[in-house]
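Descriptive structure summary
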Amino acid sequence: MEAQEHMLKVRLISEMEKVLPTREPSGDGAVSRWSVLKGERSSFQIAYYGDVERKQTGTIRVEAPDGICVHVKKVGLSPCAYPCHRERDEGYLTAEPGMYPDVLEDITEFGFPIISGQWRSLWIEVETSETTPAGEYPIELTLESAACAPGMKPLSAKIGVTAEVIDAVLPELNLIHTEWFHCDCLADYYKTEIFSQRHWRIIENFVRHAVKRGCNMLLTPVFTPPLDTAKNRERPTVQLVDVTVTDQGYAFGYDRFERWVDMCRRCKIKYFEISHLFSQWGAKAAPKIVANVNGEERNIFGWETRASGKEYREFLRAFLSSFTEEIERLGIGAQCFFHISDEPEEQDLESYLDAKHLVEEYLSGYRMIEALSNYDFYRQGAVKEPVCASNHIEPFLKNRPPRLWTYYCTAQHLDVSNRFIALPGFRTRILGVQLYKYAIDGFLHWGYNFYNSEFSRYPIDPYQCTDADGAFPSGDPFLVYPGRDGQPVDSIRSMLMERAMSDLRAMDCLETLTDQKTVMECLMEEAYGEVTFTAYPQNASYLVQAREKINAAIQAAVETQSRKPLS
């Protein structure tokens, strides 16, 4: 689609295509007509090319009927100093450091830039509600430029699309989805005191947005999470539970924890992921714990505290006895999940089992989850509900636990789904299909808003650094950027993660109306090949086609049910 050739080139493209400034978009997966369920958000992009001598400024006008909301952002370029590891597959968009599309920015009164000789894009989100009437919704978008200098002519182009709303409501997410939430990073970036009124407001803004984009579980820092912390160093204290050392032992206060629970309920968080009770990568030490000792606040446990030592063992007995009473009193016991130590490896089995034995008596009946890669941890009973790395999941699928989660991070960089900035969008969105096919119970990622260097040695500016200062492929440490007034700013990746979860919800909807066989037929494995965690169609068009088949099957099932006589 072009208007005023050699002036302003405009193309309709998929949400899954990332528009590089010097590369003409392929159009893979682009459609001018698509369907959604009630209560679902969908997106597409308008790519544009400035075939002009000098920069111009553009505006966009949207005409859409009542019943839907259309939101427009400009796709900004983010720095990717470390786009991928040296070991990589052939599916990356680039391996070169540079500026690549990711952050979704508001279009201000100054419009969006039309840059000479560059492709850029606008992100258009179409939002429906559960009460949106079924039917077709035509949308017309007009791009215009202003004449910014003598001799420059104003440019314009139009694009029309149609969203069809299916007569079925997108159901709630059945899977548990957590993106680790880093309260200290928000305090650092916004330069505010931890758990001040301002900090609480910012936290709630980010939590509410995480729920909007598909999260239903929240990492809950009863003590400062012992995650991504250099040995013998510490992160800022974000401890929700007050601890006081008394002559009789320990006393616990839950005012901040209860405020956290109230906030989560307001934001519609369903599950509470209690922060780890032992240090990361082996459970060798206690987490950082601050207490009031004779009127003075100081660290009483940390790296210097042996995990299996008598002092910490006695503390855990007192704390867990008190804390389980508290969560039961609040009515959230069944919604709480506990951790021992993150990402234990084979050599950590003994220390992990020792740590688990210290707490299992007090956590009997509660669900305990752990991110790991080694099947022996499950086989030997160390972890009953594993959160398995997606590139190591095959043994778990062959000898399946009653409940199985998956996760990915920096190490899952070959063939599997991930959300690095330098990966094509379909490799992020395919996750929904994989989660459905293999009936995965939960998905975990370590970085919703990690704005630190590796090991949290120092904070970084996420607008200048997207790779934890060269440690992880760009995009791995965070999904959202910190915006003005304590509000989160979306990325292409956060939108695609929501779409992956929406795909999963739509598949669950269809299975409820029909059966699993019907859903699997919509995934077209006979034509495209079997979908696994490491093999799947390498294009966006597949996901577009599969989702349209799913929606059509939902519509057919709804119509069939409506024709059945009432009993």
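Residues numbered from 1 in each chain as written. Predicted model: local features only at pLDDT ≥ 70, side-chain atom pairs only at ≥ 80, totals over all residues. Heavy atoms only, no water.

1. Some details on the state of the cysteines
As a reminder, the rule being used: Any two cysteine sulfur atoms within 2.5 Å of one another count as a disulfide.
Under the criterion given, the structure shown has zero disulfides. Of all cysteine sulfurs in the structure, the one in Cys183 sits closest to Cys185, which takes part in no disulfide; the separation is 9.2 Å. In this model Cys267 remains outside any disulfide bridge; the closest cysteine sulfur is found in Cys264, 6.8 Å from its own.

2. Side note on the side chain of His339
Rules: Secondary structure counts use DSSP, requiring at least four H or I residues in a row for a helix and at least two E residues in a row for a strand, with both numbered from the N terminus. A 3.5 Å cut-off defines polar contacts: any pair of N or O atoms within that distance qualifies, except that in protein one atom must be a possible hydrogen donor and the other a possible acceptor, and neighbouring residues in sequence count only when both atoms are side-chain atoms. Contacts are assigned to residue pairs with any non-hydrogen atoms lying within 4.5 Å of each other.
Looking at where His339 falls in the secondary structure, it is placed in the loop between β19 (336-338) and α5 (349-359). Separated by 2.9 Å, the side chain of His339 and the backbone oxygen of Ile369 make a polar contact. Discounting residues that sit within four places of it in the chain, His339 has contacts with Trp180, Glu273, Ile274, His276, Leu277, Ile369, Glu370 and Leu444.

3. Comments concerning the confidence of the model for the chain
A low pLDDT score tells you not to read the predicted coordinates there in detail. Basically, it comes down to this: pLDDT gives the predictor's per-residue confidence on a scale running from 0 to 100.
Of all residues in the chain, 98% have pLDDT values of 70 or greater, and the mean over the chain is 96. The low-confidence segment residues 1-6, where pLDDT is below 50, has twelve contacts with residues more than four positions distant or belonging to other chains.

4. Re the sheet that holds strand β18 (residues 296-301)
Keep this limit in mind: Pairs of strands are assigned from DSSP output, requiring at least two bridges between the strands. To define axes, lines are fitted to C-alpha atoms, for helices over the stretch in contact only, and angles between the resulting N-to-C directions are given on a 0 to 180 degree scale.
Spatial ordering of the open sheet is given by β15-β14-β17-β18, a layout of four strands whose pairing is mixed. Taken across any chain shown, the strands that pair with only one partner, and hence form the sheet edges, are β15 (249-253) and β18. Strand-to-strand twist of the sheet, defined as the mean angle between neighbouring strand axes without regard to direction, takes the value 40°. As paired strands, strand β17 (residues 289-293) and β18 are joined by five bridges and run antiparallel to one another. Paired with Ala291 across the bridge in β18 is Arg298. In this fold helix α4 (residues 310-329) packs onto β14 (242-246), β15, β17 and β18, with an angle of close to 40° to the strand it touches most, β15.

5. Some thoughts on the nonpolar core
How we decide: In plain words, nonpolar cores are sets of buried Ala, Val, Leu, Ile, Met, Phe, Trp, Tyr and Cys residues tied together by side-chain atoms within 4.5 Å. Each residue gets one of three labels from its accessible area relative to the maximum for its type: buried under 20%, exposed over 50%, partly exposed in between, using a 1.4 Å probe on protein chains only.
The biggest cluster of nonpolar side chains holds 157 residues, and the ones touching the most others in it are Phe257, Phe278, Phe319, Val359 and Ile554. Sorting elements by how many residues they give to this core places helix α10 (residues 492-513) first, with eleven residues. Excluding its chain neighbours within four sequence positions, the residues that come into contact with Val359 are Leu277, Phe278, Leu316, Leu320, Ile340 and Met368. Among the nonpolar cores identified, the runner-up in size contains 27 residues, and Val10, Phe44, Tyr137 and Ile139 belong to it.

6. Topic: the layout of surface pockets
The following threshold applies: Using protein atoms alone on a 1 Å grid, points that fit a 1.4 Å probe yet trap it form a cavity, whereas open point sets bounded by protein on both sides within 12 Å along at least five of seven lines form a pocket; residues with an atom within 4 Å of a point count as lining. Grid points are joined across faces, edges and corners, and a volume is the space filled by probe spheres set on the points. Gly counts as polar in this scheme, as do all residues outside two lists: the nonpolar Ala, Val, Leu, Ile, Met, Phe, Trp, Tyr, Cys and Pro, and the charged Asp, Glu, Lys and Arg.
The calculated volume of the largest pocket comes to roughly 720 Å³. Elements supplying a minimum of two residues to the lining of the largest pocket: α2 (197-212), α3 (255-267) and α10. When grouped by side-chain class, the residues that make up the lining of the largest pocket number six nonpolar, five polar and 13 charged. Roughly 610 Å³ of internal volume is contained in the second largest pocket. Lining of the second largest pocket is provided by 23 residues; of these, Lys73, Leu104, Glu105, Asp106 and Val489 occupy positions nearest its centre. Among the secondary structure elements, those contributing two or more residues to the lining of the second largest pocket are β6 (69-80), β7 (98-105), β9 (119-127), α2 and β25 (488-489). Split into classes, the residues belonging to the lining of the second largest pocket amount to nine nonpolar, five polar and nine charged.

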